[in-house]
Amino acid sequence: MNTTKTVLLTGASSGVGKSLAHHLYDLGYDLILLSRREPDIVKIGDRELVEFISTDLSKPDRATGIIDDIVNRYEYIPYVINNAGINTGGHLDRQKWDTIEHDLNINARMPWYVMKKVLPAMREENFGRIINITSGAPLNCYPGFGVYSATKGMLNTMTVTLARENEGHNIKINLMSPGPVRSEMAPHAKLNPAICHPTLDYLMNLPESGDTGGFYWLGYKVPLFPDLEGVQWLEGIGNEKLKRIL
Ligand SMILES: NC(=O)c1ccc[n+]([C@@H]2O[C@H](COP(=O)([O-])OP(=O)(O)OC[C@H]3O[C@@H](n4cnc5c(N)ncnc54)[C@H](OP(=O)(O)O)[C@@H]3O)[C@@H](O)[C@H]2O)c1
């Protein structure tokens, strides 16, 4: 039985994460927040447990040590929202090695590390809800968003794989795309970030029989993969639904 309401949330200093931090605080969750800038809820929140640790997630050498310290101190964190993200625009063949590395660290490698560190205690307690904030970009591969699509695509596949690897436990690891919402990343978007709160609430409160490894967007469940029913991939046998080209 889960008794604690502690959430580790990254990127609460602006946009989606800021909106989620206020929402979760109002619902009575305790918050551990990671970003470079201090989120305003740290000052506004009058509960004891709103902890902020200034962290640059693009620098794993230091950020992994901060995660290790949090996990050691709290021992068990039942809820994690990997929300911090970066979107460096530009055509993929004009990107620099450093940009790929920087954005990969924030969008995929550090979320993987956070999950790797919190999962053992979640398995021990037989309860965990992890929500990784992704995007529709890797499903659409928009030109000019290649680094973003690729790094969020890595987050997607790691999320689904970890969800499947933990299916024997009451642990749900899902993806949520907030939709086109106003933030520093998307200042001209039409929707208020609060539009994603109901989908987040749904994922935070999934029952033991609930879904894991899914992709959710504005109240919809979106398929991440083609329908491979009947395809025997490891035997090299397709089915009649696949288009035959030979
Ligand atoms: N807005 C949209 O339309 C939209 C659509 C699809 C997906 N998303 C996703 O939603 C999530 C939140 O994005 P947003 O739209 O709210 O953008 P945002 O306003 O730019 O917020 C990004 C957050 O990530 C944190 N962050 C960025 N770089 C960081 C770093 N090096 N170390 C630590 N934290 C870092 C920022 O904190 P600091 O700057 O203080 O470090 C900030 O709190 C992202 O994962 C994004 O991909 C957004």
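Higher on the page you've got the structure.
For clarity, every value in this text was computed on a predicted model and none was experimentally measured.

Conventions and cut-offs
- Residues numbered from 1 in each chain as written.
- Predicted model: local features only at pLDDT ≥ 70, side-chain atom pairs only at ≥ 80, totals over all residues.
- Helix = DSSP H or I, 4+ residues; strand = E, 2+ residues; numbered from the N terminus.
- Rg over C-alpha atoms; globule rule 2.2 N^0.38 Å.
- Buried ≥ 20, exposed ≤ 12 C-beta atoms within 10 Å, placed from the backbone.
- Near = placed C-beta within 6 Å.
- Nonpolar A, V, L, I, M, F, W, Y, C, P; charged D, E, K, R; others polar.
- Core = buried A, V, L, I, M, F, W, Y, C linked by C-beta atoms within 7 Å.
- Contact = placed C-beta atoms within 7 Å.
- Pairing = 2+ DSSP bridges.
- Right-handed = clockwise from strand over helix to strand, strands pointing away.

Chemist: Could you clarify how one ought to interpret the overall build of the chain in this entry?
Modeler: Each helix and strand counted, the chain has 7 helices and 8 strands in total. For 246 residues, the compact-globule formula gives about 18 Å, and the C-alpha radius of gyration of the chain, at 18 Å, lands near that figure. For the chain, the spread of C-alpha atoms along the principal axes amounts to about 65 × 45 × 35 Å. In the chain, buried positions account for 39% of the 246 residues.

Chemist: Honestly, the site of the ligand in this entry has me stumped. Any pointers?
Modeler: The local shell around the ligand holds 31 residues, among which Gly11, Gly15, Arg36, Gly85 and Ser183 are the closest. Tallied by class, the residues present in the shell around the ligand amount to 13 nonpolar, 14 polar and 4 charged.

Chemist: Just checking my understanding: could you explain unusual backbone geometry for this structure?
Modeler: Most peptide bonds adopt trans geometry, and most residues besides glycine take a negative phi value. Residue Asn126 is not a glycine yet carries a positive backbone phi of 55 degrees. For Cys141, which is not glycine, the phi dihedral falls at a positive 45 degrees. Here Cys141 shows up in the loop between helix 5 (137-140) and helix 6 (146-165). Assessed through the 12 C-beta atoms surrounding it within 10 Å, Cys141 is described here as exposed.

Chemist: I'm lost on the nonpolar core in this one. Help?
Modeler: A general feature of soluble globular proteins is that nonpolar side chains tend to end up buried together. Counting residues in hydrophobic clusters, the biggest one holds 46 residues, and the most contacted among them are Leu9 and Leu31. The element best represented in this core is helix 4 (residues 97-125), accounting for 6 residues. The contact partners of Leu9, leaving out residues within four places of it in the chain, are Gly17, Leu20, Ala21, Leu31, Leu33, Ile81 and Asn83.

Chemist: What should I look at first to understand the pairing of strand 6 (residues 171-177) in this one?
Modeler: On a regular strand, one side chain projects to one face of the sheet and the next to the other, so that they alternate. The buried fraction of strand 6 is high, at 7 of 7 residues. Burial along strand 6 is two-sided: the face carrying Ile171, Ile173, Leu175 and Ser177 and the face carrying Lys172, Asn174 and Met176 are both buried. As paired strands, strand 5 (residues 128-133) and strand 6 are joined by 6 bridges and run parallel to one another. If you follow Arg129 over to strand 6, its bridge partner there is Lys172. Note: strand 6 against strand 7 (residues 215-217), 3 bridges, orientation parallel. Its bridge partner lying in strand 7, Leu175 is registered against Phe215. On the question of chirality, the crossover connecting strand 6 to the parallel strand 7 by way of helix 7 (residues 197-204) is left-handed.

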